[in-house]
Amino acid sequence: MVQTAINVYSIRDLDASVEEVIDRVSNAGYDGIQFSGRHTPLNADPTTIREKLAETGLETTGAHISVDDIENRIKKALSAYEPLDVNDAVIPHLPAEDFESAAAVEETAARLSSLSRTLDEIDWRLHYHNHEHEFIELADGLTGFEALIERTDIGIELDVGWAHYAGRSPIDLIETHGDRMPLIHMKDVDESAPRNECFREIGEGDVDMNGCAVAAREAGAEWLIYEYDTPTDPARSIKVGAEYLNSI
């Protein structure tokens, strides 16, 4: 059964400790938490966090870990996350130039495949979280997103909001590639707004959130993860996200 979580990058401006954030997430009614941004075990004591997770009953999803940390500081990441039963690393972003041509995607795919093999050796799995720039069409007719899927076997954390903003149907993407998408980011957007102003509270934008949830369940996704890039009231958004995901 698909579970609900929040990516705590959404509440990075909340003035609270990691332990306090875990309490808020648990009280809101989520099943789990996705560490990202500044509220992570990289910035706190993993043992204390483990105890708080056990106390609240929250589970952990794959954590957002930068590609630089994976390539150059993997031991630090492992020491922070393994005590929390995290063994999935999600690269949250790569720049647009990594997807601007077939040759660029080829290099990106080779880089991520190499990282994936390294993580496989320690029983971790690598995932990639999209934005909109991966959906540029390449000379061979594929998008950068499709080319990355073809050239790797890594997991894909589909961000439904960014996919929609790029003019792609997130429902179609889940139906087509759902076996690669155990983690689904449930982000809402206004498709007509400028890029930096397009984010909307879940249920208030143009994304068919219910349709995405149905497709994710049918595809066997493990997590629906709330994300809102620009909340004006992070404490309220924690509750809104949980209520919405639990309603669909």
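Residues numbered from 1 in each chain as written. Predicted model: local features only at pLDDT ≥ 70, side-chain atom pairs only at ≥ 80, totals over all residues. Heavy atoms only, no water.

### Side note on the overall build of the chain
Looking only at helices and strands, the chain has 10 helices and 11 strands in total. Computed over its C-alpha atoms, the radius of gyration of the chain comes to 17 Å, within 12% of the 18 Å expected for a compact globule of 248 residues. Expressed along its principal axes, the backbone C-alpha trace of the chain runs to roughly 50 × 40 × 30 Å. Across the 248 residues that make up the chain, the buried fraction comes to 56%. Of the contacts made within the chain by residues no fewer than 6 positions apart, 76% connect residues no fewer than 24 positions apart. (Helix = DSSP H or I, 4+ residues; strand = E, 2+ residues; numbered from the N terminus. Rg over C-alpha atoms; globule rule 2.2 N^0.38 Å. Buried < 20%, exposed > 50% of the residue type's maximum accessible area, 1.4 Å probe, protein only. Contact = heavy atoms within 4.5 Å.)

### Notes on the packing of aromatic side chains
Applying the stated rule across the entire model yields 5 aromatic pairs. Taken together, a centroid distance of 5.7 Å and an interplanar angle of 35° make the contact between Phe99 and Tyr128 tilted. Of this pair, Phe99 sits in the loop between strand E5 (88-91) and helix H5 (102-120) while Tyr128 sits in strand E6 (residues 125-129); the two residues are 29 residues apart in sequence, bridging distant segments of the chain. The same class applies to Phe99 and to Tyr128, which are both buried. Judged by centre distance (4.7 Å) and plane angle (20°), the rings of Phe135 and Phe145 are stacked. One end of the pair, Phe135, is in the loop between E6 and helix H6 (144-151); the other, Phe145, is in helix H6, with 10 residues separating them in the sequence. For Phe145, a relative accessible area of 2% translates into the label buried. Three or more aromatic residues joined by ring pairs make a cluster, and in this case those are Trp162, Tyr165 and Phe199. Across the ring face of Tyr9, the terminal group of Arg12 is positioned such that the distance to the ring centre comes to 3.9 Å. (Phe/Tyr/Trp six-rings, centres within 6.5 Å; stacked < 30°, edge-to-face > 60°. Lys NZ or Arg CZ within 6 Å of the ring centre and 35° of its normal.)

### Regarding the UniProt feature "domain: Xylose isomerase-like TIM barrel" (unreviewed entry) in the chain
UniProt's entry tags residues 22-247 with the feature "domain: Xylose isomerase-like TIM barrel" (unreviewed entry), counted in the numbering of this structure. Secondary structure content for residues 22-247 is 43% helix and 15% strand, while the C-alpha to C-alpha distance between its ends is 21 Å. (UniProt positions renumbered as here; feature names shortened; annotations may be inferred.)

### Topic: the sheet that holds E5
Sheets are built from strands paired through backbone hydrogen bonds, the pairs being either parallel or antiparallel. Pairing is parallel across the open sheet formed by 9 strands, whose spatial order is E3-E2-E1-E11-E8-E7-E6-E5-E4. Each edge of the open sheet is held by one strand with a lone partner, namely strand E3 (59-60) and strand E4 (63-64). In the sheet, E4 pairs with E5 via 2 bridges, with the strands oriented parallel. Looking across to E5, one finds that Ala63 is bridged to Ala89. (Pairing = 2+ DSSP bridges.)

### Quick look at the state of the cysteines
Two cysteines, two sulfur atoms, one covalent bond between them: this is a disulfide. For the coordinates displayed, the defined rule picks out 0 disulfides. In this structure Cys198 is a free cysteine whose sulfur lies 15 Å from that of Cys212, the closest cysteine sulfur available. By relative accessible area, Cys198 is classed as buried at 0%. (Disulfide = S-S within 2.5 Å.)

### Looking at a negative patch on the surface
Negative charge collects at one region of the surface, where Asp120, Glu121, Asp123 and Asp153 lie side by side. In this structure, Asp153 sits in the loop between H6 and strand E7 (155-159). Overall, the relative accessible area of 56% leaves Asp153 in the exposed class. (Patch = residues over 30% accessible without salt bridge, like charges linked within 9 Å, V, L, I, M, F, W, Y side chains within 5 Å. Areas by Shrake-Rupley, 256 points an atom, 1.4 Å probe, with all protein chains shown as cover. Salt bridge = Lys/Arg side-chain N within 4 Å of Asp/Glu carboxyl O. Lys, Arg positive; Asp, Glu negative; His and termini not counted. Charge placed at Lys NZ, Arg CZ, Asp CG, Glu CD.)

### Examining the nonpolar core
Here is a general trend for soluble globular proteins: nonpolar side chains tend to be buried in one another's company. Ile184 and Met186 are the most contacted members of the largest nonpolar core, which has 79 residues in total. Among the nonpolar cores identified, the runner-up in size contains 5 residues, and Val90, Leu183, Trp223 and Ile225 belong to it. (Core = buried A, V, L, I, M, F, W, Y, C linked by side-chain atoms within 4.5 Å.)

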